[in-house]
Amino acid sequence: MLTELSIQDFAIINKLSITFHEGLTVLTGETGAGKSIIIDAVQLLAGGRGSVEFVRHGAKKADIEGLFIIEDESHPVYNVCQQYGIECQDHQLVLRRTMTANGKSICRVNSKLVTLAILREFGKTLIDIHSQHETQSLMDPEQHIELLDLYQPELMNKAKDEYFKLYDQLSKLKNRYRKLSENEQETAQRLDLLQFQLRELEQAQLQPNEDEQLEEERNTLANYERIYSALQLAYNSLYGEQKGLDWVNQAQIALQDNSKFDSSIAEKAEEIANYYFGLEELTYDLGNLIESLQYNPERLNEIEARLSEINRLKKKYGPSVSEMLTYMAKIEEEIEQINNKDSHLSKLEEQIKEKAKDAFLEAQELHDIRQAAAKALTKEIHEELKDLYLDKAQFKVDFAKNKLDQREELDKHLHKNGLDHVTFLISTNPGEPLKPLNKVASGGELSRIMLSLKKIFAKHQGVTSVIFDEVDTGVSGRVAQAIAEKIYHISQESQVLCITHLPQVAAMADTHKLIEKEVTDHRTSTSVHELTPELQINELARMITGTKLTETAVDHGREMLEMAIQFKSKEHNL
């Protein structure tokens, strides 16, 4: 969950540090106090689009930093950390974003610099923000199939893995077929290029590991004098005037002559004898090396010229002779394929057909699992909508499954998600046709539909923090109470931060924070205060009346808070 949020020089916020807790945190305050600005800051922290307009007037930069505690080590964010080599110690993850007044954006995760795209990958696993004016994954038809697959993951994941493997193989075969069947002009140009490259490599007559061997020989010739001097010194030390071997031999003879007096001396004599014979053999080898060592400046020039040619080819065909030879074999294979294009295309067509049949069977199984999941999801959503006084609403998971016959090419109908195109449809009033979620006009109805879906998917999506920015706009009365209860239920699955103008929602808060606007030294700034129960009652009364506090409003606020406490107590005891 989001534990700490630090904001500095952001919009009208001078410096702000907020501590968040588990459960439902409600943010309230007068219009313009800065509630939505705090949510904007969180959205930027999650990789949202920034603007220089967010930097506080007169400041050089705006800083936003958030501390997340993720105790569940199976959470998707750990996979993202591993992917980008970011350590996550003590289950803590710190996201930081700095925006400068000249438009630059600097992103960090656990102090490591990352791109905005990488920050966004972290953000989407941690935070889900929903507002009246933004399209989130629940409102995006492209995301509906992913949400449906999350509904029953234990059944879906195995089938998806099998299908993805086959679909990947099918895609590679189709890509090979496409490249081989390009138009005649492109094929002819490609063939000319490959034949030129092959001739150049064949003329070079490269040998395996030739570059490494030549570099070693060049090193020897270039350092001839030093090598010769070292060999000569070693040889003379053992066999020359210094006669190191003679001294070792004398030591061996001295011990051997007296070995009969002490068994340990005999052992040492034998050991020295072994060393002597080894050194003697080594001395002969050194002598042979000295005799074989020759300085040949012409050979050195030949090696330099050959290495220069090899290095020229490396710039075009690979960083080593071994890789250039591999590329050469690949060229030969491609030339052979082009020259015998028709037969290779026929083989690939057969392979594509067979792979498509296998992939189609897996896609069909995926479809059947999705149909069963859709049926269960539809039933659960209808129950949720009833709780929000949309009992006449109709929800449907629409499948635009490709209809095939045996004469059609199966591979053309398969895509990364199988055969299905899934869209969530809704009709909120009897007699009205089912429409996609993003076509529902009423803000109040849209809020309730969204909360129903969010309630169901909160435990599947894995985000640590769900943020609602005035999603309760356009509702009142019993619907407002139902929305408050639904938001509270969501907070039992994920941490929820909620900006609201409804006292029913505010009363349900586990933590209530009041956002206020202050003017100091002719500058406006935002402050946040965590309310005690008594102050919470006063804030509820203000939300009820919208003007000055009255005794009746305070009593009503106290009653509303007591009812919320009773509701939560009842829910925990169920």
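Cut-offs and rules
All residue numbers here refer to positions counted from 1 along the written sequence of the relevant chain. This being a predicted model, a pLDDT of at least 70 is required before a residue's local features are given, and a value of 80 or more before pairs of side-chain atoms are given or counted; all residues contribute to the totals for chains, interfaces and linings. Hydrogens and water molecules were not included; the side-chain quantities draw on all heavy atoms of the structure. Under the DSSP-based scheme used, a helix requires at least four consecutive residues in state H or I and a strand at least two consecutive residues in state E, with every element numbered from the N terminus. C-alpha atoms define the radius of gyration in this analysis, and the globule rule sets the expected value at 2.2 Å times the number of residues to the power 0.38. Partly exposed residues are those whose accessible area sits between 20% and 50% of the maximum for their type, while under 20% is buried and over 50% is exposed, using a 1.4 Å probe and protein chains only. Stacked, tilted and edge-to-face are the three classes assigned to paired rings of Phe, Tyr and Trp, where Trp is represented by its six-membered ring and a pair needs centres within 6.5 Å; plane angles under 30 degrees give stacked, over 60 edge-to-face, the rest tilted. Two strands form a pair only when DSSP identifies at least two bridges running between them. We call two residues contacting when some pair of their heavy atoms lies within 4.5 Å. Orientation is described by lines fitted to C-alpha atoms, with helices fitted over the stretch in contact, and by angles between N-to-C directions that extend from 0 to 180 degrees. Like charges within 9 Å and nonpolar side chains (Val, Leu, Ile, Met, Phe, Trp, Tyr) within 5 Å are joined into patches, using only residues over 30% in relative accessible area that form no salt bridge. For the accessible areas, the method is Shrake-Rupley and the probe is 1.4 Å, while residue cover comes only from the protein chains on display. Salt bridges are defined as contacts in which a side-chain nitrogen from Lys or Arg sits within 4 Å of a carboxyl oxygen from Asp or Glu. Just so you know, the count uses Lys and Arg for positive and Asp and Glu for negative, and it drops His and the chain ends. Each charge is placed at NZ for Lys, CZ for Arg, CG for Asp and CD for Glu. To estimate the expected span of a helix, count its residues, drop one, and scale the result by 1.5 Å. Convention used here: angles under 35 degrees read as roughly parallel, angles over 145 as roughly antiparallel, angles from 65 to 115 as roughly perpendicular, and any remaining angle as oblique. A crossing counts as left-handed when the near helix is turned anticlockwise from the far one by less than a right angle, and as right-handed when that turn is clockwise. Classes in brief: Ala, Val, Leu, Ile, Met, Phe, Trp, Tyr, Cys and Pro nonpolar; Asp, Glu, Lys and Arg charged; the others, Gly included, polar. By nonpolar core we mean a set of buried residues, namely Ala, Val, Leu, Ile, Met, Phe, Trp, Tyr and Cys, connected to one another through side-chain atoms within 4.5 Å. Regarding the arc, it is the one traced by the directions from the helix axis to the C-beta atoms.

**Student:** Help me get a handle on the overall build of the chain, residues and values and all.
**Tutor:** In terms of regular secondary structure, the chain is built from 18 helices and 15 strands. A globule of 574 residues ought to have a C-alpha radius of gyration of about 25 Å, yet the chain, at 38 Å, is considerably larger. Principal-axis analysis of the C-alpha atoms places the extent of the chain at approximately 120 × 75 × 60 Å. Within the chain, the fraction of its 574 residues that count as buried is 43%.

**Student:** How would you explain the packing of aromatic side chains if you had to name every residue and give the values?
**Tutor:** Per the stated rule, a full pass over the model turns up eight aromatic pairs. Ring centres of Phe10 and Phe54 lie 5.0 Å apart, and the angle between their planes is 15°; this geometry places the pair in the stacked category. With a gap of 44 residues between them, Phe10 in strand β1 (residues 2-10) and Phe54 in the loop between α1 (35-45) and β4 (61-69) connect regions that are remote in the sequence. With a relative accessible area of 0%, Phe10 lands in the buried category. Exposure remark for Phe54: the relative accessible area of 23% places this residue in the partly exposed category.

**Student:** Just give me the short version of the sheet that holds strand β11 (residues 435-436), but keep the residues and values in it.
**Tutor:** Spatial strand order, β9-β10-β11: three strands in an open sheet with antiparallel pairing. Two strands in the sheet have a free side with no partner beyond their single neighbour: β9 (394-399) and β11. Of the pairings in the sheet, the one linking strand β10 (residues 422-427) to β11 comprises two bridges and is antiparallel in character. Following the sheet pairing, Ile426 is matched in β11 by Lys435. The sheet strands contacting helix α4 (residues 144-151) are β9 and β10, and the helix crosses β10 at an angle near 90°.

**Student:** Can you lay out the sheet that holds β1 for me, pointing to particular residues and giving the numbers?
**Tutor:** The strands making up a sheet associate through hydrogen bonds between their backbones, and the pairing can be parallel or antiparallel. Taking strand neighbours across the sheet as the criterion, the six strands line up as β2-β1-β4-β5-β6-β7 in an open arrangement whose pairing is antiparallel. Pairing within the sheet leaves two strands with one partner each, and these edge strands are β2 (13-19) and β7 (112-114). Sheet twist, expressed as the mean angle between neighbouring strand axes with direction ignored, is 15°. The pairing of β4 with strand β5 (residues 92-100) spans nine bridges and is classified as antiparallel. The residue of β5 that forms the bridge with Glu65 is Arg96.

**Student:** How would you sum up the environment of Lys435? Please name residues and give values.
**Tutor:** Within the secondary structure layout, Lys435 lies in strand β11. Classification of Lys435 as partly exposed rests on a relative accessible area of 40%. Separated by 11 residues in sequence, Lys435 and Phe424 place their C-alpha atoms 8.2 Å apart. Residues within four places of Lys435 in sequence aside, it is in contact with Phe424, Leu425 and Ile426.

**Student:** Describe a negative patch on the surface, naming the residues involved and giving the relevant values.
**Tutor:** On the surface, a cluster of negative charge is made up of Asp262, Glu267, Glu270 and Glu271. Its place among the elements puts Glu267 in helix α10 (residues 263-292).

**Student:** Describe helix α5 (residues 153-180), and please don't skip the residues or the numbers.
**Tutor:** For α5, with 28 residues, the first-to-last C-alpha span of 39 Å sits near the 40 Å given by 1.5 Å per residue. Residues of α5 that are buried: Met156, Ala159, Lys160, Tyr163, Leu166, Leu170, Leu173 and Leu180. Check the buried side of α5 and you find it contacts α4, α12 (321-339) and α13 (341-387).

**Student:** Quick one: what's the story with the packing of helix α2 (residues 76-83) against helix α3 (residues 116-126), residue by residue and with numbers?
**Tutor:** Taken N-terminus to C-terminus, the directions of α2 and α3 make an angle of 165°; their axes are 9 Å apart at the nearest point. Classified by the angle their axes make, α2 and α3 are roughly antiparallel. As α2 packs across α3, the resulting crossing turns out to be left-handed. Of the residues in α3, those touching α2 at Pro76, Val77, Val80, Cys81 and Gln83 are Glu121, Phe122, Thr125 and Leu126. Residue composition of the contact of α2 with α3, grouped by class: six nonpolar, two polar and one charged.

**Student:** Summarise the pattern of salt bridges; cite the residues concerned and give the values.
**Tutor:** In this structure the tally under the stated criterion is 27 salt bridges. Notably, a salt bridge pairs Glu309 with Arg312, separated by 2.9 Å at the nearest N-O pair. Pair noted here: Glu309 and Arg312 are both in helix α11 (residues 297-317), with a separation of three residues, about one helical turn. Arg558 serves as the salt-bridge partner of Glu534, at 3.4 Å between the closest nitrogen and oxygen. Residue Glu534 is found in helix α17 (residues 533-545), and its partner Arg558 is found in helix α18 (residues 551-573); the two are separated by 24 residues along the sequence. Its relative accessible area of 44% is what places Glu534 among the partly exposed residues. Given the relative accessible area of 28%, Arg558 is considered partly exposed. Salt bridges linked by common partners bring Glu146, Asp149, Lys160, Arg370 and Asp420 together as one network.

**Student:** Can you tell me about the nonpolar core, naming the residues and giving the values?
**Tutor:** Formed by 59 residues in total, the largest nonpolar core has its most connected members in Leu377, Val397, Phe424, Phe468 and Ile487. If you tally residues by element for this core, the top one is helix α15 (residues 477-490), at eight residues. Setting aside anything within four residues of it in sequence, one finds Leu377 in contact with Leu148, Tyr151, Val397, Phe424, Ile456 and Phe457. Within the second largest apolar cluster, 47 residues are counted, among which are Ile37, Ile39, Ile118 and Leu497.

**Student:** An account of the pairing of β4 is requested, with residue identities and associated values reported.
**Tutor:** Every other side chain in a regular strand lies on the same face of the sheet, so the side chains alternate between the two faces. Pairing between β1 and β4: six bridges, direction antiparallel. Bridge pairing links Ser6 to Glu65 in β4.

**Student:** Please set out the environment of Leu300 residue by residue, giving values where relevant.
**Tutor:** Within the secondary structure layout, Leu300 lies in helix α11. In this structure, the C-alpha to C-alpha distance between Leu300 and Gln152, residues 148 residues apart in sequence, is 71 Å. Look past the residues within four positions of Leu300 in its chain and what remains in contact with it is Arg218 and Leu221.

**Student:** Explain unusual backbone geometry residue by residue, including any values.
**Tutor:** Here Asn209, not a glycine, exhibits a phi torsion of approximately 60°, which is positive. Here Asn209 shows up in the loop between α6 (184-204) and α7 (210-222). Here Asn209 falls in the partly exposed class, since its relative accessible area comes to 36%.

**Student:** I'd love a proper account of α2, names of residues and values included.
**Tutor:** Taken residue by residue, α2 has Val77, Tyr78, Val80 and Cys81 as its buried positions. Projected down its long axis, α2 shows its buried positions confined to an angular sector of 155°, all on one face. Residues of α2 that are exposed and point over 90 degrees away from its buried face: Asn79, Gln82 and Gln83. Buried residues along α2 sit against β5 and α3.

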